[in-house]
Amino acid sequence: MKRIGVLGLSVLAVMVLGACYDAGAQREDRFEAQREVFEGRVPEGGVSTPAPTPVDPDATVDPNDPSSAIVQELPVGEYFASLCAGCHGLDRSGGVGLPLLREGLTEPDDFYTQTIMNGRAGTAMAAYGGGAVLTDAEVSAIVTWLKNTDP
């Protein structure tokens, strides 16, 4: 009889805590940093349109600086923030998508290139991340940036 009473109280406590738990609030907190990046970039009821950083079309990409690459007319880091960070996190620590921290990217470049180009079956990763079709050079620039820079 005592066990039933304890069990009943335990179930009641779990139900009360469950009613108070708000998974959405935790999700909101986790993506707060991303929201700051996109603040002002999404028109009310509209589609996200990143405000591009002015890019000098005559600028030369520094081969020693992966961050100098341009993807879809944006610096590679801004492109990542505008499309990829929604799933992989602005700090690349993961979320819906896997973490993309350079110490964890141990596969050959071609693995990541193919993932970006073709997506991953059975996951939320769409070809090109669900964005525009990228050139081979743009995909290569993203992979190089991911594998050689810290968030």
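Student: It is not clear to me how the pattern of salt bridges should be interpreted in this structure. Could you clarify?
Tutor: When charged atoms on two side chains of opposite charge get close, those side chains can pair. Counted under the stated rule, the structure contains two salt bridges. Between Asp150 and Arg102 there is a salt bridge whose closest N-O contact spans 2.9 Å. Placement of Asp150 in the segment after helix H6 (136–148) and of Arg102 in the loop between helix H4 (76–88) and helix H5 (109–118) is noted, with a sequence separation of 48 residues between them. Judged by relative accessible area, which is 47%, Asp150 ranks as partly exposed. Residue Asp109 pairs with Lys147 through a salt bridge whose shortest N-O separation is 2.8 Å.

Student: Even after reading the chapter, I still don't get the packing of H4 against H6, so can you show me in this structure?
Tutor: When two helices pack together, you describe them by how their axes are tilted relative to each other and by the distance separating the axes. Packing of H4 against H6 leaves a shortest axis separation of 10 Å and a crossing angle of 95°. Here H6 runs roughly perpendicular to H4, going by the angle between their axes. Of H6, the residues touching H4 (which contributes Val76, Gly77, Tyr79 and Phe80) are Ala141, Ile142, Trp145 and Leu146. Each residue belonging to the contact of H4 with H6 can be placed in one class, and the counts come to seven nonpolar, one polar and no charged.

Student: Teacher, can you tell me more about the confidence of the model for the protein chain here?
Tutor: Atomic detail in the predicted coordinates should be set aside for any region of low pLDDT. With 58% of its residues at a pLDDT of 70 or more, the protein chain has an overall mean of 74. Summarising per-element confidence for the protein chain, the mean pLDDT is lowest in helix H2 (residues 23–30) (43) and highest in H5 (95). Counting interchain partners and residues more than four positions distant, the pLDDT-below-50 stretch residues 19–60 has 32 contacts.

Student: Help me understand the layout of surface pockets, please; the structure alone is not making it clear to me.
Tutor: Summary: where empty space remains is shown by rolling a probe the size of a single water molecule over the atoms. Here the largest pocket defines a volume of roughly 610 Å³. Around the largest pocket, the lining comprises 27 residues; the ones closest to its centre are His88, Leu98, Leu100, Thr115 and Met125. The set of elements that each furnish at least two residues to the lining of the largest pocket consists of H4, H5 and H6. Among the elements that line the lining of the largest pocket, the one with the most residues is H4, at six residues. A breakdown of the residues in the lining of the largest pocket according to their chemical character gives 20 nonpolar, six polar and one charged.

Student: What should I look at first to understand H6 in this one?
Tutor: Along an α-helix, residues three or four apart share an orientation, since each turn contains 3.6 residues. A rise of 1.5 Å per residue sets the reference length of H6, with its 13 residues, at 18 Å; its end C-alpha atoms lie 18 Å apart and thus fit the reference within 8%. Looking at H6, one finds that the buried residues are Glu138, Val139, Ala141, Ile142, Val143, Trp145 and Leu146.

Definitions and limits used
- Residues numbered from 1 in each chain as written.
- Predicted model: local features only at pLDDT ≥ 70, side-chain atom pairs only at ≥ 80, totals over all residues.
- Heavy atoms only, no water.
- Salt bridge = Lys/Arg side-chain N within 4 Å of Asp/Glu carboxyl O.
- Helix = DSSP H or I, 4+ residues; strand = E, 2+ residues; numbered from the N terminus.
- Buried < 20%, exposed > 50% of the residue type's maximum accessible area, 1.4 Å probe, protein only.
- Axes fitted to C-alpha atoms, helices over the stretch in contact; angles between N-to-C directions.
- Parallel < 35°, antiparallel > 145°, perpendicular 65-115°, else oblique.
- Contact = heavy atoms within 4.5 Å.
- Nonpolar A, V, L, I, M, F, W, Y, C, P; charged D, E, K, R; others polar.
- pLDDT = per-residue confidence, 0-100.
- 1 Å grid on protein atoms, 1.4 Å probe; cavity = no way out; pocket = protein on both sides within 12 Å on 5 of 7 lines; lining within 4 Å.
- Points joined across faces, edges and corners; volume = space filled by probe spheres on them.
- Expected span 1.5 Å × (residues − 1).

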